[in-house]
Every structure is written in structure tokens, then in C-alpha cells.
Amino acid sequence: MGFKCIECNEEASELYRDYSNGIVKITICKSCAKPVDKYIEYDPVIILIDAILCKIQAFRHILFNTQINIHWKLCVFCLLCEAYLRWSRLQSSEVTGDPADIIRYTKEWDFYGMFALAALELGVYCAGVLAVLWCVQKLYSMCVETSDLLKALLLSSYGKVLLIPTVIWEHDYSPLCFTLIRVFVLTSNAQAVRVILNCRRRLSIFAVCVGLLVELCISHALHALKPSSHALLPELYT
């Protein structure tokens, strides 16, 4: 995938031209007569702030004009954050006053189970979104690499990192914070899909909503079928 103008989404052969004597000039887009990518001169913190604000120019810069290949590492880190959140809430509901519980909890496999569950739900969510977009591409004869869409979804899920400070600074409003973080992640996913496909906002929101619905259905089914670990292994911690 080549460079693209962050303003009008037109193709560009280069972002800047390096002349002799250290003179660098940003390339001007032939279509909109604006800099192809103004963010190449910006501090990464400013780019991050604009991405948090879901500005489409920032998303185009990150997805098209940079060589960021940390999406899988970011995915694993976010899954660890989500698994820790679920595991901590599970332990807080089972905690007793016995100091021996601390040692016993370190031997539990619940955390790994929560990680597997979070990974499964993420996989189902991404599969739901990609299935909708695949149908749309076939219908309108569009051509977008599935790997690019998946990378965009994983990178735009960075908001899940906020789960950790929310758990650490736990208070009465934690459930509200969790909900807001989820809404933010879904909004970022929709914006990323919109940037990759260069489509209308309605299509990206629809695809994300379908993926979320499929994820919720699978999640409820798994919780209904999941046997109790204490029922299966009643003597495990005795």
C-alpha cells in the first residue's frame, strides 16, 4: 500500500523530498493543493492526541503513511489487560479474609482462561466485521486486503490499554469507565474501517455493530455453557 494524502485520500508517490544541504520540502497534493502529510513534522504526542480525538487525518497518517507493525504485539498486550480485568473482578468476588488465599490464587489458571476467552471474543468480533466488509467488497467490486483491515482493527483497539489504570484506581464509577472505554474502542474501530475502505460512516458503523453483536452472542453462549471450575475440581485447592 502506497502513500496517501491525509486530506483527500488521493495516492501520492512521496511524502517529502530531501534536497541537498539538509533542505527538506513536504510534498503538496496535486488534487487538493495541501500538504500530503503534515504529521511527518509533528511530535508523536500530538499525533496520538489527534488519534484519540478520532481525526480522520491522523488515522490516515498512521494506517497509510507509517510503517507501524506492532499491531500483533499491541493486540496481545490489550488482551492481557482485558484478561487481568476479568480475572481481578473474579478474584474480588471470591476473596476471603484468609491470608492463604493469596498463595492459592497464584496457583489458579483462571487468568489463562480469561485470556483465552478474551482472545476468542476478539477473534469472533474481527471475523464478524471482516465478513460484513468482505460481502460489501464483493457487492461493489472493491479491492482491499484483509490483512490491512485486520491491522487497522487491531491498531485502533489501543483504547483497551486504559483498562489497567481503571482497575488500579478502582472506584464506584468503574463500570461506567469500562463502558466508556468500550464505546471509545468501537468508535476508533469504525473510524479505522472508514479510512481503509474510504467509505461512508454508516457502513463502518454497521460493520462494527454486526461484529459486536456476534461477539455478544458468542460471549453469552460461552458463559451459559461454561462449567464451574469448582464443580469440576472440588478438591483442587483443599
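Residues numbered from 1 in each chain as written. Predicted model: local features only at pLDDT ≥ 70, side-chain atom pairs only at ≥ 80, totals over all residues. Heavy atoms only, no water.

Taking an unreviewed UniProt entry as the reference, the protein is identified by name as Protein ARV belonging to Tachysurus vachellii. The protein has a UniProt comment under Sequence similarities (unreviewed entry) that states "Belongs to the ARV1 family." Heading Function (unreviewed entry) of the UniProt record for the protein holds this comment: "Mediator of sterol homeostasis involved in sterol uptake, trafficking and distribution into membranes." (UniProt positions renumbered as here; feature names shortened; annotations may be inferred.)

K.L.:
Help me understand the side chain of Thr66 in this model?
P.N.:
One can find Thr66 in the loop between helix 2 (56–64) and helix 3 (71–94). Judged by its relative accessible area of 17%, Thr66 falls in the buried class. A distance of 2.5 Å separates the side chain of Thr66 from the backbone oxygen of Ile62, its partner in a polar contact. (Helix = DSSP H or I, 4+ residues; strand = E, 2+ residues; numbered from the N terminus. Buried < 20%, exposed > 50% of the residue type's maximum accessible area, 1.4 Å probe, protein only. Polar contact = N/O pair within 3.5 Å; in protein donor to acceptor, adjacent residues only side chain to side chain.)

K.L.:
How should I be thinking about the packing of helix 5 (residues 110–140) against helix 9 (residues 201–225) in this particular structure?
P.N.:
Axis angle and axis distance: for two packed helices, these are the angle between their axes and the distance between the axes, and together they describe the pair. The contact between helix 5 and helix 9 brings their axes to 8 Å, and the two run at 145°. Taken as a pair, helix 5 and helix 9 cross one another with a handedness that is right-handed. Of the residues contributing to the contact of helix 5 with helix 9, the split by class is 17 nonpolar, four polar and two charged. (Axes fitted to C-alpha atoms, helices over the stretch in contact; angles between N-to-C directions. Left-handed = near helix turned anticlockwise from the far one by under 90°. Nonpolar A, V, L, I, M, F, W, Y, C, P; charged D, E, K, R; others polar.)

K.L.:
I keep staring at helix 2 and nothing clicks. Help me out?
P.N.:
Since the α-helix turns once every 3.6 residues, residues separated by three or four places project in the same direction. Here helix 2 lies mainly inside the structure; seven of its nine residues are buried. Listed in full, the buried residues belonging to helix 2 are Ile56, Ala58, Phe59, Arg60, His61, Leu63 and Phe64.

K.L.:
Help me understand the UniProt feature "transmembrane region" (unreviewed entry) in the protein, please; the structure alone is not making it clear to me.
P.N.:
This chain's UniProt record puts "transmembrane region" (unreviewed entry) on residues 111–136 and 205–225. End C-alpha to end C-alpha, residues 111–136 measures 38 Å, and it is 100% helix and 0% strand. In this annotation, residues 205–225 is assigned 100% helix and 0% strand; the end-to-end C-alpha distance for the span is 30 Å.

K.L.:
Looking at this model, I keep getting lost on the packing of helix 1 (residues 44–52) against helix 2. Mind explaining?
P.N.:
Put simply, helix 1 and helix 2 touch, their axes get as near as 7 Å, and they point 120° apart. It follows from the interaxial angle that helix 1 and helix 2 lie oblique. Crossing of helix 1 over helix 2 shows left-handed handedness. Contacts between helix 1 and helix 2 pair Ile47, Asp50 and Ala51 from the former with Ala58, Phe59, His61 and Ile62 from the latter. (Parallel < 35°, antiparallel > 145°, perpendicular 65-115°, else oblique. Contact = heavy atoms within 4.5 Å.)

K.L.:
Help me out: how do you make sense of the pattern of salt bridges in this one?
P.N.:
Here the idea is simple: oppositely charged side chains can pair when their charged atoms come close. Going through the model one piece at a time under the given rule, you end up with six salt bridges. With its nearest N and O atoms 2.7 Å apart, the salt bridge here joins Glu215 to Arg182. With Glu215 in helix 9 and Arg182 in helix 8 (residues 174–197), this pair connects stretches of sequence that are 33 residues apart. (Salt bridge = Lys/Arg side-chain N within 4 Å of Asp/Glu carboxyl O.)

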